[in-house]
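An overview of the molecular structure
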Amino acid sequence: MASLFSLLCLFFTLHLSLAASGQVAFESVPDLEKSMYKVIDGYPCVRLLNLSGEIGCANPGLDKVVAPIVKFKNGVELVQSSSLLVASYDFESFLSRVSSDSNFARNVAGVLVESGAQNQTHLKGSSPDNKFPQAEFSPYHNSKFEWNPTGSGIMWGLYDFPVFLVSESSTQSLQEIATKNENKDTYAAEVTEFDLVMQTTKAGTHDSESCLREGTCLPLGGYSVWSALPAENISSSGSKKSIILTVATMDSASFFRDKSLGAESSLSGMISLLAAVDALSRIEGLDTLSKQLVFVVFTGEAWGYLGSRRFLLELDLHTDAVNGINNTLIETVIEIGSVGKGYDQGAKTFYAHTSEVSSVTNKTLSAMQKARDSLGTESIKYSTASESNPGIPPSSFMSFLRQNPHTPGVVLEDFDTSFSNKFYHSHLDDLSNINSSAIVAAASLVARTLYVLASNNKDVSDSSLNLIKVNTSLVDELLGCLLSCEPGLSCELVKHYISPSSTCPSHYVGVIEGNPTEPFVGDVPRFVWNFLADKTSGLLKNVGPCSENCSQTGGVCIKQELDGKGVCVISTTRYVPAYSTRLKYESGSWTVLPLNSSDPMEAADPVWTESNWNTISLRVYSVQGAAYDRLVLVAGVAVTALSYLLIVVIKAFIAKALKQD
C-alpha cells in the first residue's frame, strides 16, 4: 500500500513538471530530448593564437558553461553568473564594460549577440579591426594614420567566455526567453549551454609555437590562385614579355569565424577582377599583345598577408607552384581593393593610390585615364589619391613594397583618405553594404586599363576599347553566389564548375590540414581556380576530355568534380599555398622556423594558428528554480503525510471491521 502511494506521488511530481513545460506525453526519447533542448543557430568566436599569445573566445575551463539568459542593458547589474543577450549596436560598449568593470565581468558566463535588420539600422559604423589594420606590415612609419576611423580593435582581444552571433530566427526566440526570465513569478529559468571548449585550453598551450608542438592547433592558411592570359605565352621558355600583375583578395575576417563575408572589404575587388578577366577573354588577338597579363587572387591577407608573402617567397624559390612567372619580368602591380561603394553624389568614383612617382607608375595612371575616357560617361570618375596620405592603404601591395620599395604599382580603391566601408571586417559587411554597378564600373576601368598597358601603344583606339564589355549579369550572379545563402554556393554558376560542400559562403581563410603540397582546397578557391582556368583558355581550340596525359601536355582538368571526367584545357592556372613564411611542414607536423633577418616582414609575422576543438554547440533548456524545488518538496512531504495518515485510517477501519465480524 505504501509503495502504491509512493508511485502516485512520483507521478504527481512528474506530471506537474511536464505540465509546466507544456508537454504531457512523448512518443520516443528523441521527442523528449527535442522538447527539453532547443538548438540555437549561431556563429562562434573561436580561440586564435600567435607567437606572443592568444585572442578570441573560449569556455574558461574544460566543461560546458550553463547560465540563465539575461538581456543586456546599459547599467544592468549582474547578481549571478549569466548569459548576456546583447544587441549588435551595444556589443562594443558591452566589451568595454567587461574590460573596465571586474565585478560585472566576473558574472559574464557567455554572450549571445543578436542579428537582424533592426540591429544594423542603429549602427552608422562598426569595425572590430584596428584604425590602421595590420600597421606592422606597412612600408612607411606613420602607423597612427586612421584608414579605418570606425575601428575599435575588439577582434584582437582575449575573452575567457564563449561568444556567439545568433541567427535572426534564433534572436527572436532568445528575446522572448530573456523577457520570460525577467518575470520573477515563474518557477523555471531558461539557460544556455555553451560548448566551446578549446584543445589549447585543455593542454595549456597558449601560443602558436607550443600548440603546434603539442598538436592542439593548426596554422591559418589556404590556397591562392593565379592564372595567365593568354595561357600559351607564359609557359614558353623563350618568353621575355614584361608581366602586368593584377591582384585581388578572396578572404576576409570578422569577430565571428564563419560570418566573414567581406563584401566590400575584399570580395568586391575579387569579383571585379573575375569580371575583368571574363571581359578580356572574349577579345580577339590577345596573343599579339606586347605584354603578358597575370592575375592572382590571394587568400590569408587578413591574417598577416599570408597569401602575398608566400607568393613572393615561392617566386624567389622558383617552385613549381609559380612555374612560368619570372619575377624579374614583373613590370607593375595593379591591385583591385574595395570598389563596391564607389559613389560620390551619384557618380562612381575611384582613387588610384601609389607609393612613389616613377615612369612606369605614370604610364599606368595614364592608361587608367585613357580607359576612363573611353567609357564615355561622366558617371564614372577616376582620380589619384591625396598626396597628404602617408602612402598606400592596407593592401597586398604592401608585401611587394616591403620586399622591394621601388616596385611600381597602383592600388585602386573607392576611397581617398579613409575607408568608405564603415563595417570593415565586420559580420555586417554583407551584400547590403555594396552595389553591383560600382563593381561593374571598376571591372570596366581595370579591363580597359590592362588592355592599354598590354598593347604598349598609346594610340589604342576607343573603338578597340569599346569592344571590352563587362557582363553585368555575371557580376550580379557572382554577388548572389559568393555573398548570400540564397542561392549561395548552390547557384548554377558555381555548380557549373564544382560540387560545393556547403551552401552559405564564408570567406574566413581557414586552416591548413596536413601536407600543404597535397592540398585540401575549400569551395571558393576551387571555384576561382576552375573559373580562371576556363576563362583564360577560352580562345584555345585543343580542348578535350581529361586523360592521364592532360597535365603532361601543359593542360589542366576543369569541372572534374561534376562527372569524374572533366575537360582538359590549356591554361596556366595554379594553386599557391598561403601560410606563414615562418612555418615548415615536416614529418607530419608543423614547426616554427628561426627568424630570417633577410626577410623584412618576418619580424612582424604573428604566425597565426587556430585552436582545435571536439565540438562547438549552443542550446537552450529549462531549469527549475529554487522556489519550484521548494514547492515540489513541500508537495511531496504533504502527499507523503497524507498517504501515511490515509494508511493509518484505512488500517484502523479494516481492523475495526474485522473485529465486528
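A quick note: this is a predicted structure, and the numbers were derived from the prediction, not measured. (Residues numbered from 1 in each chain as written. Predicted model: local features only at pLDDT ≥ 70, side-chain atom pairs only at ≥ 80, totals over all residues. Heavy atoms only, no water.)

**Side note on the overall build of the protein chain**
Within the protein chain one finds 20 helices and 26 strands. Going through the 661 residues of the protein chain one by one, you find that 54% of them count as buried. Once local pairs closer than 6 in sequence are excluded, the contacts in the protein chain between residues at least 24 apart make up 79%. A total of about 29000 Å² of accessible surface is found on the protein chain, and carbon and sulfur atoms cover 52% of it. (Helix = DSSP H or I, 4+ residues; strand = E, 2+ residues; numbered from the N terminus. Buried < 20%, exposed > 50% of the residue type's maximum accessible area, 1.4 Å probe, protein only. Contact = heavy atoms within 4.5 Å. Areas by Shrake-Rupley, 256 points an atom, 1.4 Å probe, with all protein chains shown as cover.)

**Comments concerning helix α10 (residues 263-281)**
Compared with an ideal rise of 1.5 Å per residue, which puts 19 residues at 27 Å, α10 spans 25 Å between its outermost C-alpha atoms and is within 8% of the ideal. Of all the 19 residues making up α10, 19 are buried; the element is thus mostly covered by neighbouring parts of the structure. (Expected span 1.5 Å × (residues − 1).)

**Details of the state of the cysteines**
In a disulfide, the sulfur atoms of two cysteines are covalently bonded to one another. Considering all chains together, one arrives at six disulfides under this definition. The disulfide partner of Cys45 is Cys57, and the S-S distance across this bridge is 2.1 Å. Here the S-S torsion is close to 85 degrees, and the disulfide linking Cys45 with Cys57 is therefore right-handed. Residue Cys45 is located in the loop between β2 (42-44) and β3 (47-50), and its partner Cys57 is located in strand β4 (residues 53-57); the two are separated by 12 residues in the primary sequence. (Disulfide = S-S within 2.5 Å.)

**A word on the pairing of strand β18 (residues 409-413)**
Most of β18 sits out of view: five of its five residues are buried. The two faces of β18 match: Gly409, Val411 and Glu413 on one face and Val410 and Leu412 on the other face are all buried. The sheet contact formed by strand β15 (residues 330-336) and β18 spans four bridges and is parallel. Its bridge partner lying in β18, Val333 is registered against Gly409. Across four bridges, the pairing between strand β16 (residues 348-354) and β18 is antiparallel. For Thr354, the partnering residue across the bridge sits in β18 and is Val410. (Pairing = 2+ DSSP bridges.)

**Comments concerning a nonpolar patch on the surface**
Nonpolar side chains collect at one region of the surface, where Leu646, Ile650, Phe653, Ile654 and Leu658 lie side by side and expose about 490 Å² of accessible area between them. Of note, Leu658 is situated in helix α20 (residues 626-660). For Leu658, a relative accessible area of 59% corresponds to the exposed category. (Patch = residues over 30% accessible without salt bridge, like charges linked within 9 Å, V, L, I, M, F, W, Y side chains within 5 Å. Salt bridge = Lys/Arg side-chain N within 4 Å of Asp/Glu carboxyl O.)

**Topic: the side chain of Ser308**
Along the chain, Ser308 turns up in helix α11 (residues 306-317). Overall, Ser308 belongs to the buried group, its relative accessible area being 0%. Within the structure, the side chain of Ser308 is placed 3.5 Å from the backbone oxygen of Tyr305, a separation counted as a polar contact. Excluding residues that lie within four positions of it along the chain, Ser308 makes contacts with Phe298, Glu301, Ser396 and Ser399. (Polar contact = N/O pair within 3.5 Å; in protein donor to acceptor, adjacent residues only side chain to side chain.)

**Considering the sheet that holds strand β12 (residues 222-229)**
Ordered by their spatial adjacency, eight strands build an open sheet running β17-β16-β18-β15-β13-β14-β12-β22, and the pairing between neighbours is mixed. A strand with exactly one partner marks an edge of an open sheet, and here the two such strands are β17 (380-384) and β22 (573-578). On average, each strand axis in the sheet is tilted by 20 degrees relative to the strand beside it, whichever way the strands run. On top of the sheet, α11 reaches β12, β13 (243-249), β14 (292-298), β15 and β22; it is set at about 110 degrees to β22, its chief contact. The strands that helix α12 (residues 359-374) touches are β15, β16, β17 and β18; relative to β17, the one it contacts most, it runs at about 165 degrees. (Axes fitted to C-alpha atoms, helices over the stretch in contact; angles between N-to-C directions.)

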